Amino acid sequence: NSTNSTSNYTGIRGSMIVHIVRFTLKPDAPKDQVELAFEQLRKQGREIKAVQLFCVGRDFGGEFDYGAMYIMKDIEGYREYMMSPIHRKSDEIGLPIVDKFVSMDITDDADPTIGDKIAEIHRNRFGNDPALVGLVQNLSSYEGSGTSTK
C-alpha cells in the first residue's frame, strides 16, 4: 500500500519502527560516565545491524535534556535492536546516571498486532533480566515502552 510507505533520502523504504528515548541526567552525574553513556548510545546506532538510522543528542521542546532515536525496518529488526547486548550495555552504563526517562515507539506498519508484538518484546526483555528491572526501578520517573515493570 503506497499510502503507508515511507521513503527518505537514507533509502529506507516501506514501513518502519522508530524507537525514541528522552531523558534528564542526575545533577551529580560524573562527566566521564556521561560521556561514556553517550558514546554507548552512539555505538548502538553504529554497531547493531538492524538500525537503519540514528541520532543521539540534545532534546529541545520539553522537560527532557537529551534524547536518542533509532529506526528499524520491521519487528524483527526492532527485536534485534532491543535484545542486543550492545543495547543492554547502554542500560548498564547510562541508567544509573539518569533521573527521568521516557521511551516511545512510532510505526507506520499496518499490522494491527504490531503494538502487541512490541509490548511482547519489552515483556521478554524485562522478564528475563531482573537486573534491568532494578536499574529502571531506581529512576525517579520512567514512562513509555516497557513500563509494565513499574
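In this report, we go over the structure that sits alongside the text.

Cut-offs and rules
- Per chain, residue numbering runs from 1 following the sequence as it is written.
- pLDDT decides what is reported in this predicted model: residues at 70 or higher carry local features, side-chain atom pairs at 80 or more are listed and counted, and totals for whole chains, interfaces and linings draw on all residues regardless.
- Side-chain measures were taken over the full set of non-hydrogen atoms in the model, leaving aside hydrogen atoms and water.
- By the criteria applied, helices consist of DSSP H or I runs no shorter than four residues and strands consist of E runs no shorter than two, each listed in order from the N terminus.
- By this rule the span expected of a helix is its residue count minus one, scaled by 1.5 Å.
- In this scheme, a residue with accessible area under 20% of its type's maximum is buried, one over 50% is exposed, and one in between is partly exposed, where area comes from a 1.4 Å probe on protein chains only.
- As used here, the arc is the angular range of directions from the helix axis to the C-beta atoms.
- Note on contacts: a residue pair is in contact if any heavy atoms of the two residues lie within 4.5 Å.
- Here the aromatic set is Phe, Tyr and Trp, taking the six-membered ring for Trp, and pairing holds for ring centres within 6.5 Å; pairs whose planes are under 30 degrees apart are stacked, those over 60 apart are edge-to-face, and all others are tilted.

1. Quick notes on helix 4 (residues 114–127)
- Relative to the 20 Å expected for 14 residues at 1.5 Å per residue, helix 4 spans 20 Å between its end C-alpha atoms, a close match to the ideal helical length.
- Burial in helix 4 covers these residues: Ile114, Ile118, Ile121, His122, Arg125 and Phe126. Buried residues of helix 4, seen end-on, are gathered within an arc of 125° and therefore sit on one face of the element. For helix 4, exposure combined with an orientation more than 90 degrees from the buried face picks out Asp116 and Gly127.
- In this fold, the buried residues of helix 4 make contact with strand 3 (17–25), helix 2 (75–83), helix 3 (85–94), strand 6 (98–107), helix 5 (130–137) and strand 7 (141–144).

2. Quick word on the environment of Ile17
- Within the fold, Ile17 resides in strand 3.
- Note: C-alpha distance between Ile17 and Met72 (55 residues apart in sequence) is 5.3 Å.
- When sequence neighbours within four positions are dropped, the list of residues in contact with Ile17 reads Tyr70, Ile71, Met72, Asp74, Ile75, Tyr78, Ile106, Thr107, Ile114 and Ile118.

3. Observations concerning the packing of aromatic side chains
- Scanning all chains against the criterion turns up seven aromatic pairs.
- Ring geometry for Phe23 and Phe38: centres 5.9 Å apart, planes at 40°, overall tilted. Here Phe38 lies in helix 1 (residues 31–47) and Phe23 lies in strand 3, a separation of 15 residues in the sequence.
- For Phe38, a relative accessible area of 11% translates into the label buried.
- By way of ring pairs, the aromatic residues Phe23, Phe38, Tyr66, Phe101 and Tyr142 are connected into one cluster.

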